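Observations on the model geometry
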Amino acid sequence: MKTFLQLFFARNKEFYRDRGSLSWALVFPTLIIIGCAIAFSDDNENLLTLGYFPATVQPAGLAALDQPYSKWIAYDELATGQARLRHHQLHALVDSSSRVIWLNPNSSQGRLVMQLTADHPDYRQQLLDGQPIRYVDWVIPGVLGMNIMFGSLFGVGYVLVRYRKNGVLKRLQATPVSALQFLSAQVASRLFLVVATNALIFVGSDMFLDLVFVGHWWDLLLVAVLGAMSMISLALLIASRTDSEEFAGGILNATTWPMMFLSGIWFSLDDTPPAMQRLADFLPLTHLVKAGREIMINGAGLADVAVHLLVMLVMTLCCLALAAILFRWRN
């Protein structure tokens, strides 16, 4: 344990003494949040976003809604569509199986759909209240997840490659430090730094933007910890053998870019092709962002996001075990 703590504190000192990296880790996501708050402050939309359930049955007989200005999204679960409707992410939800049009009367577009379908002979209307969710409320979990991803992957991957290239790992090999001790200390150090910096960013964002937060703080903290651990373990696996910073940078970029676009950071994946949604389920950032949003926006508990937590935990254990097996000290 003494060896582990020495490595842990040494890595922490190396990080906060590098003022450039420390400042960038705090300033960059804050600038993104402020930019999103300014760019998406106008919530008026001209397009009707409509959902339907079940996904295999296209709604029929709704000529008033089937217009060029309408966008239809299929849902495999009625509860998912209802959650989107409560938060004003949908303007109406058509349940073809029970012939019900679910509407949110607090939405101006929802009231418009209510008027268009008021006297429909085949469908009845059902009201569903809910709190409106701004885009900035929806995107903040994704921005924080993206910051955790970059801080974990590049903060660990580049450091290990640099250690190996400069001969630091070769000198550590001459000490009683084992590969598992060294990698565990790297995980713990980066985990502490990433979670601490993102906690400060989240608190500042909440104070500045008055975010919607329905769930519990400790649940969100556990999600952030498991998400960061899965990213750090993946970085250790990537950097376990390479000694080229250019090659490591290419692999890290090839890992981060798919996660940025397929993990639902900036936009919902509800209306994307099913194959893309299945591919996103293999990415740790997807589960981190989904679990964070469920807790913040829908007030979900740990039992509700247990699948996401289990996936991140399995990814962490697998990547960490493989990294310990494949790790080498020398070039």
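Residues numbered from 1 in each chain as written. Predicted model: local features only at pLDDT ≥ 70, side-chain atom pairs only at ≥ 80, totals over all residues. Heavy atoms only, no water.

1. Brief notes about empty space enclosed by the protein
The tally for this structure, following the rule as stated, stands at one cavity of 30 Å³ or more. Volume-wise, the largest cavity comes out at about 30 Å³. Of all elements in the fold, only helix 5 (135-166) and helix 7 (179-209) reach the threshold of two or more residues within the lining of the largest cavity. With three residues, the single largest contributor to the lining of the largest cavity is helix 7. The residue makeup of the lining of the largest cavity, split by class, is one nonpolar, three polar and two charged. (1 Å grid on protein atoms, 1.4 Å probe; cavity = no way out; pocket = protein on both sides within 12 Å on 5 of 7 lines; lining within 4 Å. Points joined across faces, edges and corners; volume = space filled by probe spheres on them. Helix = DSSP H or I, 4+ residues; strand = E, 2+ residues; numbered from the N terminus. Nonpolar A, V, L, I, M, F, W, Y, C, P; charged D, E, K, R; others polar.)

2. Structural notes on the packing of aromatic side chains
Per the stated rule, a full pass over the model turns up six aromatic pairs. Judged by centre distance (4.4 Å) and plane angle (10 degrees), the rings of Phe-213 and Trp-217 are stacked. Taking the relative accessible area as the measure of exposure, Trp-217 reaches 48% and is therefore partly exposed. Through successive ring pairs, a cluster of aromatic residues spans Phe-202, Phe-213 and Trp-217. Its end group placed over the ring of Tyr-123, Arg-99 keeps NZ or CZ at 4.3 Å from the ring centre. Over the ring of Trp-138 we find Arg-293, and its NZ or CZ is 3.5 Å from the ring centre. (Phe/Tyr/Trp six-rings, centres within 6.5 Å; stacked < 30°, edge-to-face > 60°. Buried < 20%, exposed > 50% of the residue type's maximum accessible area, 1.4 Å probe, protein only. Lys NZ or Arg CZ within 6 Å of the ring centre and 35° of its normal.)

3. Comments concerning the sheet that holds strand 4 (residues 100-103)
Spatially, 2-1-3-4-5 is the arrangement adopted by the five strands of the open sheet, whose pairing is mixed. Where the open sheet ends on each side, the last strands, each with one partner, are strand 2 (70-74) and strand 5 (124-127). Across the sheet, the axes of successive neighbouring strands diverge by a mean angle of 25 degrees, strand direction being ignored. Strand direction decides the pairing type here: strand 4 and strand 5, joined by four bridges, are parallel. Looking at strand 5, one finds that Ile-101 is bridged to Gln-125. (Pairing = 2+ DSSP bridges. Axes fitted to C-alpha atoms, helices over the stretch in contact; angles between N-to-C directions.)

4. So, the side chain of Asn-198
On the secondary structure map, Asn-198 appears in helix 7. On the basis of relative accessibility, which here comes to 6%, the residue Asn-198 falls in the buried class. Apart from the residues within four sequence positions on either side, Asn-198 is in contact with Leu-144, Asn-147 and Ile-148. (Contact = heavy atoms within 4.5 Å.)

5. A closer look at the packing of helix 8 (residues 217-238) against helix 9 (residues 245-262)
Contact geometry of helix 8 with helix 9 gives a least axis separation of 10 Å together with a crossing angle of 150 degrees. Judged by the inter-axis angle, helix 8 sits roughly antiparallel to helix 9. With respect to the hand of their crossing, helix 8 and helix 9 are arranged in right-handed fashion. Contacts from Met-231, Leu-234 and Ile-238 in helix 8 reach Ile-251, Leu-252, Thr-255 and Met-259 in helix 9. (Parallel < 35°, antiparallel > 145°, perpendicular 65-115°, else oblique. Left-handed = near helix turned anticlockwise from the far one by under 90°.)

6. Let's talk about unusual backbone geometry
Apart from glycine, the bulk of residues carry a negative phi angle, and the bulk of peptide bonds sit in the trans form. Here Phe-53 and Pro-54 are connected by a cis peptide whose omega angle stands at -5 degrees. With respect to the element layout, Pro-54 can be found in the loop between strand 1 (48-53) and strand 2. We note that Arg-99 has phi near 55 degrees; this positive angle belongs to a residue other than glycine. For Arg-99, the position within the fold is in the loop between strand 3 (92-95) and strand 4. For Arg-99, a relative accessible area of 32% corresponds to the partly exposed category.

7. Some remarks on a nonpolar patch on the surface
On the surface, Leu-47, Tyr-69, Leu-112 and Leu-116 cluster together to form a nonpolar patch covering roughly 320 Å² of accessible area. Here Leu-47 is to be found in the loop between helix 2 (19-39) and strand 1. Classification of Leu-47 by relative accessible area gives partly exposed; the value is 35%. (Patch = residues over 30% accessible without salt bridge, like charges linked within 9 Å, V, L, I, M, F, W, Y side chains within 5 Å. Areas by Shrake-Rupley, 256 points an atom, 1.4 Å probe, with all protein chains shown as cover. Salt bridge = Lys/Arg side-chain N within 4 Å of Asp/Glu carboxyl O.)

8. A few points about helix 12 (residues 306-326)
The first and last C-alpha atoms of helix 12 sit 30 Å apart over 21 residues, in line with the 30 Å expected at 1.5 Å per residue. Burial in helix 12 covers these residues: His-308, Leu-309, Met-312, Met-315, Thr-316, Cys-319 and Ala-323. Buried positions in helix 12, seen along its axis, are confined to an arc of 130 degrees and lie on one side of it. Away from its buried face by more than 90 degrees, helix 12 exposes Val-307, Leu-310, Leu-317 and Ile-325. The elements touched by buried residues of helix 12 are helix 7, helix 8 and helix 11 (284-298). (Expected span 1.5 Å × (residues − 1). Arc of directions from axis to C-beta.)

9. With respect to the nonpolar core
Judged by nonpolar contacts, the single largest core of 74 residues is most densely connected at Met-149, Leu-153, Leu-160, Phe-182, Leu-236, Leu-285 and Trp-329. Listed by contribution, the elements that provide at least two residues to this core are helix 1 (2-17), helix 5, helix 6 (168-173), helix 7, helix 8, helix 9, helix 11 and helix 12. Considering each element in turn, this core owes the most residues, 16 residues, to helix 5. The contact partners of Phe-182, leaving out residues within four places of it in the chain, are Leu-7, Leu-160, Tyr-163, Leu-169, Leu-172, Val-177, Phe-327 and Trp-329. By size, the runner-up hydrophobic cluster in this structure holds eleven residues, among which are Leu-65, Val-94, Ile-101 and Val-113. (Core = buried A, V, L, I, M, F, W, Y, C linked by side-chain atoms within 4.5 Å.)

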